[in-house]
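Okay, here's what each chain looks like letter by letter:
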Amino acid sequence: AVVSTQSTGGQQQQLQETKEQLVVGREAPSNDLPTLLTKHGLSQYLAVLQAHEVDFQTFLTLNDDDLRELGVSSFGAKKKLVTAIQEEARLHQVELHNIFNASNRW
C-alpha cells in the first residue's frame, strides 16, 4: 500500500496509483470493450455489440437472453461471452471494493 502525507490532491494521485496495484495476482480489469473481448478471445463479437450500441458498462450487464436478442445464437459463443462477462464483473467488483477500502485508510 502507498501511504501519503501530501495534500488532498497528492492523496488523490496516491490513491490512483494504489488503485492500479490493488488487484494482486490478477490481471487488472479493462474498461475498454475491444480490449476485454480480445483478452478473452472474443473479438469477433465486437462488431455486433457496437452495432447495437453496447458499451463496456452495458456489456457487463448482458445475460444469455440479451445475447440471443443481439443475434448470438451459438451455444459455445454465448457460454464464452457469459463467462467473460461474469469474470470481468467480478474483477470490477473486487477493484471497487479495494478502492473503497483504500480510500477509507487515508
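Only a predicted model underlies this, so the values are computations on that prediction, with no experimental measurement involved.

### Here we look at the pattern of salt bridges
Logical step 1: Per the stated rule, a full pass over the model turns up three salt bridges.
Logical step 2: Between Lys39 and Glu88 there is a salt bridge whose closest N-O contact spans 2.6 Å. Note that Lys39 is positioned in helix 2 (residues 33-39) and Glu88 in helix 6 (residues 75-105), a separation of 49 residues in sequence.
Logical step 3: On the basis of relative accessibility, which here comes to 30%, the residue Lys39 falls in the partly exposed class.
Logical step 4: Notably, a salt bridge pairs Arg68 with Asp64, separated by 2.7 Å at the nearest N-O pair. With a gap of four residues between them, Arg68 and Asp64 both fall in helix 5 (residues 64-69), about one helical turn apart.
Logical step 5: Look at Arg68 and you get partly exposed, because its relative accessible area is 42%.
Logical step 6: Owing to a relative accessible area of 31%, Asp64 belongs among the partly exposed residues under this scheme.
Logical step 7: Three or more residues are tied together by salt bridges with common partners; here these are Asp64, Asp65 and Arg68.

### A few points about the confidence of the model for the protein
Logical step 1: Counting all residues, the mean pLDDT for the protein is 75, and 59% of those residues have values of 70 or more.
Logical step 2: Confidence, expressed as mean pLDDT per element, reaches its minimum in the protein at helix 1 (residues 8-21) with 51 and its maximum at helix 3 (residues 46-51) with 95.
Logical step 3: Predicted confidence for residues 1-7 stays below pLDDT 50, and this span has twelve contacts to residues more than four positions away or in other chains.
Logical step 4: Per-residue pLDDT stays below 50 along residues 18-26; that stretch engages in 14 contacts with residues further than four places along the chain or on separate chains.

Rules used throughout
- Residues numbered from 1 in each chain as written.
- Predicted model: local features only at pLDDT ≥ 70, side-chain atom pairs only at ≥ 80, totals over all residues.
- Heavy atoms only, no water.
- Salt bridge = Lys/Arg side-chain N within 4 Å of Asp/Glu carboxyl O.
- Helix = DSSP H or I, 4+ residues; strand = E, 2+ residues; numbered from the N terminus.
- Buried < 20%, exposed > 50% of the residue type's maximum accessible area, 1.4 Å probe, protein only.
- pLDDT = per-residue confidence, 0-100.
- Contact = heavy atoms within 4.5 Å.

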